[in-house]
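Secondary and tertiary structure notes
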Amino acid sequence: MANNKLEVPEGGIALCLSGGGFRATLFHIGTLWRLNELGYLPKLDRISSVSGGSIAAGWLGSNWKKLDFNDSGIAGNFIEIFVNPLRSFTSKNLDAWIIVFGLLNPFSSISDRLIQSYRKKLFGNSTLQDLPDAPDFVINASSAQTGVLFRFSRYFMADYRVGVVNNPTIELAVAVAASSAFPPFLSPVKLILDEPCFLPDPKADLQREPFTSRIILLDGGVYDNLGLETIQKSYSTILVSDAGGKMLPDPGPRLFWGIQAFRVLNMMDNQVRSLRKRQIVDMFKLRNELTGYMLENQMDVDDNILKRVSRKGAYWGTYVDIGDYNPGNDVLNCPYEKTQVLANLPTRLWRFSRQNQERLINWGYAICDAAMRKYVDPTLPNNAQFPYPGGVG
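In this numbering scheme, every chain counts its residues from 1 along its sequence in written order. For a predicted model such as this one, the threshold for reporting local features is a pLDDT of at least 70, and the threshold for listing and counting side-chain atom pairs is 80 or more; totals across whole chains, interfaces and linings nevertheless cover every residue. Excluding hydrogens and water, the side-chain figures rest on all heavy atoms present in the structure.

A word on the packing of helix H2 (residues 52–63) against helix H6 (residues 172–179)
- Here H2 crosses H6 at 160°, and the two axes come no closer than 9 Å. The orientation of H2 relative to H6 falls into the category roughly antiparallel. H6 is crossed by H2, and the crossing has right-handed handedness. Residues Ser54, Ile55, Gly58 and Ser62 of H2 lie in contact with H6, whose contacting residues are Leu172, Val176 and Ser179.
- For the contact of H2 with H6, the class distribution of residues is 3 nonpolar, 4 polar and no charged. As a rule, the C-alpha atoms of each element are fitted with a line to give its axis, helices using only the stretch in contact, and angles between N-to-C directions run from 0 to 180 degrees. Comment: elements are numbered from the N terminus, with helices defined as DSSP H or I runs of at least four residues and strands as E runs of at least two. By the definition adopted for this analysis, an angle is roughly parallel if under 35 degrees, roughly antiparallel if over 145, roughly perpendicular if from 65 to 115, and oblique otherwise. By definition, turning the near helix anticlockwise from the far helix through less than a right angle yields a left-handed crossing, and turning it clockwise yields a right-handed one. Residue contacts follow a heavy-atom distance rule, with two residues in contact if any of their heavy atoms lie within 4.5 Å. Classification used: nonpolar for Ala, Val, Leu, Ile, Met, Phe, Trp, Tyr, Cys and Pro, charged for Asp, Glu, Lys and Arg, polar for all others including Gly.

Here it is as structure tokens:
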């Protein structure tokens, strides 16, 4: 018999950092910058990330213990420890050289080169066990074998169809490479487990060879580009920073089957992203509507009821209009036509100019500030200033 009982989250705040190559990494730097200024980073219970978001999350997690949070939850050395080294990393060309090297060396794995780049330039030999106790960092990849999400964290490594590995010692460079192994050029990442280490689970229908020893992983955005699945059922407040791509209209689509197939895949990907976004935004709206109904009818606002069918939180993304977050223009100046230029920058692991780096960071910072003050806590201070001069362009 099916279990129709709704799962009610106990509480807590979770942050999702979407995919989108270096564009996403830079946009999320701005998001995390403003969250730090608002004292929200230590309040987070989980950070769920995908692809370019996992680069930012992995770097934040690996340096969490170096951040000097004060009593207000603000890290005074955030720029030095987190921002500047990550900006330097996104100033380097990554994907094209890896792909060229792989094509010229057919006996060398392209994904191995990606792992080596992350190991050499960011994470060293750090493993998942070097992540902090809290918040719980979850780095998401997609399983090419089971067709579902594969999750890496300090506490577990899991595919619900195969099972769970407790306290994994996988390198951070491997986890982030799996999360950002965009097909077909940078994928797949192969994870070989020498010993059977999945906990016995009768509900895991694929807990057998080769699924338990040879794991083939793709970019997390293939399955869930927002990283929502690992947090939606468990946390009552959800923050979503979305730097993912958007399918643009084409007045004259090509008829050649190869190019046509590529556009069809983009259409399918765009539909999945749109549905996930619509689902979480609708849950936010429903909470506001139910709260308004209860107050209007002089009912007690029952948080347990609200949590069963809705969530508190905010969504912000590269493609939104900041004016929609505050009709009174109580936000940083981000003209829509200029932010759309940033939203349409390439989704690659390819260096961005200093100017575009700063504009993307400024954009993530500004829209995060607007969304947090509008939908999460209207009492937050209205003291935001662009991290870099020039705004968004």
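So, the pattern of salt bridges
- The working definition used for a salt bridge is a side-chain nitrogen of Lys or Arg within 4 Å of a carboxyl oxygen of Asp or Glu. On inspection of all chains with the given rule, the structure shows 12 salt bridges.
- Close ionic contact of Asp133 with Arg154 constitutes a salt bridge, the shortest N to O distance being 3.0 Å. Here the residue Asp133 occupies a position in the loop between helix H5 (110–123) and strand E3 (136–143), and Arg154 occupies one in the loop between strand E4 (149–152) and strand E5 (156–159), the gap between them amounting to 21 residues.
- Via salt bridges that share partners, Arg34, Glu37, Asp330, Asp369 and Arg373 belong to a single interconnected network.

So, empty space enclosed by the protein
- We place a 1 Å grid over just the protein atoms. Points where a 1.4 Å probe fits but has no way out form a cavity, open points with protein on both sides within 12 Å along at least 5 of 7 lines form a pocket, and any residue with an atom within 4 Å of a point lines it. Grid points are joined across faces, edges and corners, and a volume is the space filled by probe spheres set on the points. For the structure on display, the rule yields 1 cavity of 30 Å³ or more.
- The computed volume of the largest cavity comes to approximately 40 Å³.
- Here the lining of the largest cavity is built from residues that sort into 5 nonpolar, 3 polar and 1 charged.

A look at the packing of aromatic side chains
- Centre distance within 6.5 Å is the pairing criterion for rings of Phe, Tyr and Trp, where only the six-membered ring of Trp is used; planes under 30 degrees apart are then read as stacked, over 60 as edge-to-face, and the remainder as tilted. Summed over all chains, the structure comprises 10 aromatic pairs.
- With centroids separated by 5.6 Å and ring planes inclined at 70°, the aromatic side chains of Phe22 and Phe89 adopt a geometry described as edge-to-face. Highlighted residues: Phe22 in helix H1 (residues 21–37) and Phe89 in helix H3 (residues 78–89), separated in sequence by 67 residues. The pair Phe22 / Phe89 is uniform in exposure class, with both members buried.
- Sitting over a ring, as applied to charges here, requires NZ of Lys or CZ of Arg to be within 6 Å of the ring centre and within 35 degrees of the ring normal. Note that Lys43 overlies the ring of Tyr40, its terminal NZ or CZ placed 4.4 Å from the centroid.
- Its guanidinium or amino end placed over the ring of Tyr388, Arg87 lies 4.9 Å from that ring's centre, counting from NZ or CZ. We call a residue buried when its accessible area falls under 20% of the maximum for its residue type, exposed when it is over 50%, and partly exposed in between, using a 1.4 Å probe and counting protein chains only.

Some thoughts on the packing of H2 against H3
- Running from amino to carboxyl end, H2 crosses H3 at an angle of 140°, the nearest separation of the two axes being 11 Å. Every pair of crossing elements has a handedness; the one defined by H2 and H3 is right-handed. Of H3, the residues touching H2 (which contributes Ile55, Ala56, Trp59, Leu60 and Asn63) are Phe78, Ile81, Phe82, Pro85, Leu86 and Phe89.
- Considered class by class, the residues forming the contact of H2 with H3 number 10 nonpolar, 1 polar and no charged.

So, unusual backbone geometry
- Omega for the bond connecting Ala134 with Pro135 falls within 30 degrees of zero, at 0°, which places this linkage in the cis form.
- Summarising the element assignment, Pro135 is placed in the loop between H5 and E3.
- Going from Glu209 to Pro210, the amide bond is cis rather than trans, its omega being 0°.
- On the secondary structure map, Pro210 appears in the loop between strand E7 (189–192) and strand E8 (214–219).
- Even without a glycine there, the phi angle at Ser51 is positive, about 50°.
- Mapped onto the fold, Ser51 is located in the loop between strand E2 (46–50) and H2.
- Since its relative accessible area comes to 7%, Ser51 is described here as buried.

Looking at the layout of surface pockets
- Approximately 450 Å³ is the volume found for the second largest pocket.
- Lining the second largest pocket are 17 residues, and of these Val281, Phe284, Lys285, Tyr315 and Tyr375 lie nearest its centre.
- Every element with two or more residues in the lining of the second largest pocket is listed here: helix H8 (257–296), strand E10 (312–317) and helix H11 (354–376).
- In terms of residues, the lining of the second largest pocket owes the most to one element, H8, which gives 6 residues.
- Partitioned by chemical class, the residues of the lining of the second largest pocket number 8 nonpolar, 2 polar and 7 charged.

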